[in-house]
Amino acid sequence: MQQQPTDQELLDLLNQGDERGIELIFRQYYAYICKAVYKIIPDSNLVEDLAQDVFYELWRKRDRIQVASSLKGYLRRAAVNKALNYVRDQRIKFTEEAQAPVQKSSEATAPELLAAEHLQSRIDAAIDALPERCRIIFVLSRFEDMSYREIAEQLEISPKTVENQMAKALKILREMLKFNSGKEA
């Protein structure tokens, strides 16, 4: 019986461009990655697509990847980020489609549109900077319109934990998005 390669051995194969590295990583972590994504997006087909994207990106960026702790942790973080970005992007796409007829009128000036774009990028950066659990719960609540009870069931945690994490997320976001005493509009 052959012993499983260590994470470091897998990363070494990957960094050398050896396709066996990505194959072995895929076999070892695919189910785990799917489970992580499924907790955020319970759609089997979409989960598989996003999980495959994680491994594709891993292969594509193999020469630049720096795994500080564990490969499993790195892949989990990449999967969660991929799922949250998908949810956010779908929400933005939906919002843009809903606003399209309104935007055709030229009521908004260029500076207003620029300010709105700047604010949106600040909001996105602030959401991305939230601790992982807060970010997941915030995105599910605000972008997926899930109730605290639904989020608790989906993530297999208590509704009180969801409530506490939302309060924490909102507090952090308020702090991060605070305007500097009138210097920013």
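Starting from 1, residues in each chain are numbered consecutively following that chain's sequence as written. Only residues with pLDDT of at least 70 are given local features in this predicted model, and only at 80 or more are side-chain atom pairs given and counted; all residues enter the totals for whole chains, interfaces and linings. To get the side-chain values, all heavy atoms of the structure are used, and hydrogens and water are removed first.

## A closer look at the packing of helix α1 (residues 7-15) against helix α2 (residues 19-38)
- Geometry is summarised by axes, namely lines fitted to C-alpha atoms with helices restricted to the contacting stretch, and by angles between N-to-C directions that run from 0 to 180 degrees. Helical segments are the DSSP runs of H or I of at least four residues, strand segments are the runs of E of at least two, and each set is numbered from the N terminus. Their axes nearest at 7 Å, the elements α1 and α2 cross at an angle of 140°. It follows that α1 is oblique to α2 by the angle criterion. On α2, the residues touching Asp7, Leu10, Leu13 and Leu14 of α1 are Arg20, Gly21, Ile22, Leu24, Ile25, Gln28 and Tyr29.
- Amino acids outside the nonpolar list (Ala, Val, Leu, Ile, Met, Phe, Trp, Tyr, Cys, Pro) and the charged list (Asp, Glu, Lys, Arg) are all regarded as polar, and Gly is one of them. Looking at side-chain class alone, the contact of α1 with α2 contains seven nonpolar, two polar and two charged residues. What sets the label is the angle itself: under 35 degrees gives roughly parallel, over 145 gives roughly antiparallel, 65 to 115 gives roughly perpendicular, and the rest give oblique. Contact criterion: two residues are considered in contact whenever any of their non-hydrogen atoms come within 4.5 Å of each other.

## Points about the pattern of salt bridges
- By convention in these notes, a salt bridge is any Lys or Arg side-chain nitrogen within 4 Å of a carboxyl oxygen on Asp or Glu. Applying the stated criterion to the full structure yields 11 salt bridges.
- A salt bridge links Glu23 to Arg27; its shortest N-O distance comes to 3.2 Å. Of this pair, Glu23 and Arg27 both sit in helix α2, separated by four residues, roughly a single helical turn.
- The class of Glu23 is partly exposed, set by a relative accessible area of 40%.
- On the basis of relative accessible area, Arg27 is assigned to the exposed category, the value being 62%.
- Glu132 serves as the salt-bridge partner of Arg77, at 3.5 Å between the closest nitrogen and oxygen. Within this pair, whereas Arg77 is found in helix α4 (residues 71-103), its partner Glu132 is found in helix α6 (residues 132-142), the two being separated by 55 residues in sequence.
- Taking relative accessible area as the criterion, Arg77 reaches 37% and is therefore assigned partly exposed.
- Accessibility here uses a 1.4 Å probe with only protein chains present; expressed as a share of the type maximum, an area under 20% marks a residue as buried, one over 50% as exposed, and anything in between as partly exposed. Note on Glu132: relative accessible area 19%, which makes it buried.
- In the salt-bridge network here, residues are joined through shared partners; they are Glu57, Arg60 and Lys61.

## What about the packing of aromatic side chains?
- For Phe, Tyr and Trp, rings pair up if their centres lie within 6.5 Å, where Trp contributes its six-membered ring, and each pair is then called stacked (planes under 30 degrees apart), edge-to-face (over 60) or tilted (otherwise). What the rule picks out here adds up to four aromatic pairs.
- Between Tyr30 and Phe55, the aromatic rings sit 6.3 Å apart at their centres with planes inclined by 40°, giving tilted as the arrangement. Pair noted here: Tyr30 is in helix α2 and Phe55 is in helix α3 (residues 44-60), with a separation of 25 residues, a long-range link.
- Residue Tyr30 is classed as buried on the basis of its relative accessible area of 19%.
- Aromatic side chains Phe138 and Phe143 sit 6.3 Å apart centroid to centroid with 80° between the ring planes, which places their arrangement in the edge-to-face category. The two residues Phe138 and Phe143 agree in class, both being buried.
- Taken together, the aromatic side chains of Phe26, Tyr30 and Phe55 make up a single cluster linked through ring pairs.
- Two thresholds decide whether a charge sits over a ring: the Lys NZ or Arg CZ must be within 6 Å of the ring centre and within 35 degrees of the ring normal. Lying over the aromatic face of Tyr32, Lys72 brings its terminal NZ or CZ to 4.6 Å of the ring centre.

## Brief notes about the environment of Arg142
- Within the secondary structure, Arg142 is located in helix α6.
- Here Arg142 falls in the partly exposed class, since its relative accessible area comes to 35%.
- For Arg142 and Met166, which are 24 residues apart along the polypeptide, the C-alpha to C-alpha distance reads 9.9 Å.
- N or O atoms closer than or at 3.5 Å make up a polar contact, with two conditions inside protein: a donor-capable atom paired with an acceptor-capable one, and, for residues adjacent in sequence, both atoms drawn from side chains. Among the polar contacts made by the side chain of Arg142, one reaches the side chain of Ser141 at a distance of 3.2 Å.

## A few points about α3
- Residue count minus one, scaled by 1.5 Å, sets the expected span of a helix. End to end, α3 covers 24 Å across 17 residues, agreeing with the expected 24 Å (1.5 Å per residue, within 8%).
- Those residues of α3 not exposed but buried are Leu46, Val47, Leu50, Ala51, Val54, Phe55 and Leu58.
- Measuring from the side-chain oxygen of the N-cap residue of α3 to the backbone nitrogen of Asn45 gives 3.1 Å; that N-cap residue is Asp43.

## Some points on helix α8 (residues 159-176)
- Taking 1.5 Å of rise per residue, 18 residues should cover 26 Å, and α8 covers 26 Å from first to last C-alpha, within 8% of that figure.
- Taken residue by residue, α8 has Val162, Gln165, Met166, Ala169 and Leu173 as its buried positions. Within α8, the buried residues cover an arc of 105° as seen down the axis, which keeps them to one side. Seen from the buried face of α8, the exposed residues on the opposite side, beyond 90 degrees, are Lys160, Lys171 and Arg174. This arc is taken over the directions from the axis of the helix to the C-beta atoms.

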